[in-house]
Amino acid sequence: MGANELMDASAMDRTLKRIAHEILERNKSADDLVLLGVKTRGEYLAQRLQNKIFDIDGVKVPIEVVDITFYRDDLTKKSADPLVKPVHWDTRLTGKKTVIVDDVLFTGRTVRAAMDAILEHSRPDLIQLAVLVDRGHRELPIRADFVGKNIPTSQSERVQVELVEVDQEDRVLIIN
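Residues numbered from 1 in each chain as written. Predicted model: local features only at pLDDT ≥ 70, side-chain atom pairs only at ≥ 80, totals over all residues. Heavy atoms only, no water.

The name given to the protein in an unreviewed UniProt entry is Bifunctional protein PyrR, with Ignavigranum ruoffiae as the source organism. Of the protein, the UniProt comment under Sequence similarities (unreviewed entry) reads exactly: "Belongs to the purine/pyrimidine phosphoribosyltransferase family. PyrR subfamily." The annotation that UniProt attaches to the protein under Subunit (unreviewed entry) is "Homodimer and homohexamer; in equilibrium." (UniProt positions renumbered as here; feature names shortened; annotations may be inferred.)

Written out as structure tokens, the structure reads:
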């Protein structure tokens with residue numbers, strides 16, 4: 001099983017800086033913006049985007065985290081007895097521009113689950129999606145608004161995002 005590095009720490013940093021600029025440009029400002037990180041790596045990417053947006057615009061955008069485990073439509077495939085945690089956000093999402101942040105966009109099921117969690121509790125004015133990597137193979141009609149890198153993959157390949165906060169290193173690998 002071989003692995004190729006697609007992004008190192010500096011490439012990842014530049015990519016997140018570009019995504020932060022794109023989010024601000026598309027939304028005209030950081031006002032009424034909320035970043036919603038998908039647990040686990042999306043949460044840390046949202047924190048990094050928050051810092052970059054602050055560096056650019058001087059506004060500290062609120063961050064929320066969503067654990068989509070209970071909302072997945074393939075729940076029985078993942079775990080027979082999932083640990084369900086109630087959704088609680090400190091920031092009111094209704095009337096806000098909400099940007100879901102995740103590491104890899106693949107089938108679209110994770111994003112759909114995140115939207116289900118949001119819409120069960122809130123009614124944002126707008127929901128957008130920011131991902132570090134889009135690897136294709138969608139099973140649902142979902143596309144990212146902000147993409148760090150498009151990486152065409154085969155079904156047998158796996159894209160692995162590693163972050164210092166979780167994995168002690170920043171990099172993106174494609175594993176055969």
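From this point on, the discussion continues.
Engineer: Which parts of the structure should I look at to understand unusual backbone geometry?
Structural biologist: Put simply, lysine 39 and threonine 40 share a cis peptide bond, and its omega is 15°. As for its position among the elements, threonine 40 is in the loop between β2 (33-38) and α2 (41-57). For histidine 137, which is not glycine, the phi torsion reads 70° and is therefore positive. Along the chain, histidine 137 falls in the loop between β5 (126-134) and β6 (146-150). (Helix = DSSP H or I, 4+ residues; strand = E, 2+ residues; numbered from the N terminus.)

Engineer: Just to check I follow, could you spell out the pairing of strand β4 (residues 97-105) for this structure?
Structural biologist: Consecutive side chains of a regular strand alternate in pointing toward one face of the sheet and then the other. For β4, a buried count of eight out of nine residues is recorded, marking the element as mostly surrounded by other parts of the structure. Sheet topology places β2 next to β4; five bridges connect them, and they run parallel. Across the sheet, residue leucine 33 finds its bridge partner in β4, namely lysine 97. As defined by bridge partners, β4 adjoins β5 across eight bridges and the pair is classed as parallel. When the sheet's bridge partners are listed, lysine 97 is paired in β5 with leucine 126. (Buried < 20%, exposed > 50% of the residue type's maximum accessible area, 1.4 Å probe, protein only. Pairing = 2+ DSSP bridges.)

Engineer: I keep staring at the sheet that holds β2 and nothing clicks. Help me out?
Structural biologist: Sheets are built from strands paired through backbone hydrogen bonds, the pairs being either parallel or antiparallel. Across the sheet, five strands lie side by side as β3-β2-β4-β5-β6; this open sheet has parallel pairing. Since the sheet does not close on itself, it has two edges, and those belong to β3 (63-66) and β6, each with one partner. Here the average twist between neighbouring strands, direction ignored, is 25°. Across the face of the sheet, helix α1 (residues 9-27) comes into contact with β2, β4, β5 and β6 while running at roughly 150° to β6. Contacting β2, β3, β4 and β5, helix α4 (residues 109-121) runs over the sheet at an angle of about 155° to β4. (Axes fitted to C-alpha atoms, helices over the stretch in contact; angles between N-to-C directions. Contact = heavy atoms within 4.5 Å.)

Engineer: It is not clear to me how the sheet that holds strand β1 (residues 3-7) should be interpreted in this structure. Could you clarify?
Structural biologist: The strand order across the open sheet formed by three strands is β1-β8-β7, and the pairing between neighbours is antiparallel. The open sheet has two edge strands, β1 and β7 (158-162), and neither has a second partner. Averaged over all pairs of adjacent strands, the angle between their axes in this sheet comes to 30°, without regard to strand direction. Relative to strand β8 (residues 171-175), β7 is paired through five bridges, and the arrangement is antiparallel.

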